Each structure stands twice: as C-alpha cells, then as structure tokens.
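Report on the structure
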Amino acid sequence: MVNDTTYSMAIDLLCCHLGLSEDEARDQLGLESDQALQQRITETQEALLGLQD
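Residues numbered from 1 in each chain as written. Predicted model: local features only at pLDDT ≥ 70, side-chain atom pairs only at ≥ 80, totals over all residues. Heavy atoms only, no water.

1. Concerning the overall build of the protein
Looking only at helices and strands, the protein has three helices and zero strands in total. When the helices and strands of the protein are listed from N to C terminus, the series reads α-α-α. Taking all 53 residues of the protein together, the buried fraction comes to 9%. As displayed, the protein has an accessible area near 4,500 Å², and 52% of this comes from carbon and sulfur atoms. (Helix = DSSP H or I, 4+ residues; strand = E, 2+ residues; numbered from the N terminus. Buried < 20%, exposed > 50% of the residue type's maximum accessible area, 1.4 Å probe, protein only. Areas by Shrake-Rupley, 256 points an atom, 1.4 Å probe, with all protein chains shown as cover.)

Written out as structure tokens, the structure reads:
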C-alpha cells in the first residue's frame, strides 16, 4: 500500500499547477484511489471464498 504522504507534494503540484482533480493526479502518478483499492481487495476476498466452497 502506498503511503499518501510520500506522494502528497506531487499530487498537490499536479492539482495546483495543471488544474487536475486529485483523482486525475493520482491516475497520472499511477496510484489507485482508496475506493479502487478497496474494490480490488473485495474482489480478491470474494474469489478466495469461492475457492473454499
């Protein structure tokens, strides 16, 4: 998992100087949003539970 403080300055620069939204800045840096990461975790857990049945 990526530490947000590591990339916070880069995100701020992209937002302020290029006018990007925070989500767009994260996409430009190749970072997943918290929601996308949570969705991947949920999908993985569901797939693992399906293997146990």
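2. So, the pattern of salt bridges
Per the stated rule, a full pass over the model turns up one salt bridge. Two residues, Glu22 and Arg26, come together in a salt bridge whose shortest N-O distance is 3.5 Å. Taken together, the positions of Glu22 and Arg26, both in helix H2 (residues 22–29) and four residues apart, correspond to about one turn of that helix. Look at Glu22 and you get partly exposed, because its relative accessible area is 45%. Since its relative accessible area comes to 8%, Arg26 is described here as buried. (Salt bridge = Lys/Arg side-chain N within 4 Å of Asp/Glu carboxyl O.)

3. Concerning the state of the cysteines
What the rule picks out here adds up to zero disulfides. Cys16 carries a free sulfur, and the closest cysteine sulfur to it, the one in Cys15, is 6.4 Å from it. What makes Cys16 exposed here is its relative accessible area of 65%. (Disulfide = S-S within 2.5 Å.)

4. A word on the confidence of the model for the protein
As a note on interpretation, predicted positions should not be read in detail where pLDDT is low. Taken as a whole, the protein shows an average pLDDT of 84; of its residues, 89% reach a score of 70 or greater. Ranking the elements of the protein by mean pLDDT puts helix H3 (residues 34–52) last, at 85, and helix H1 (residues 4–18) first, at 89. (pLDDT = per-residue confidence, 0-100.)

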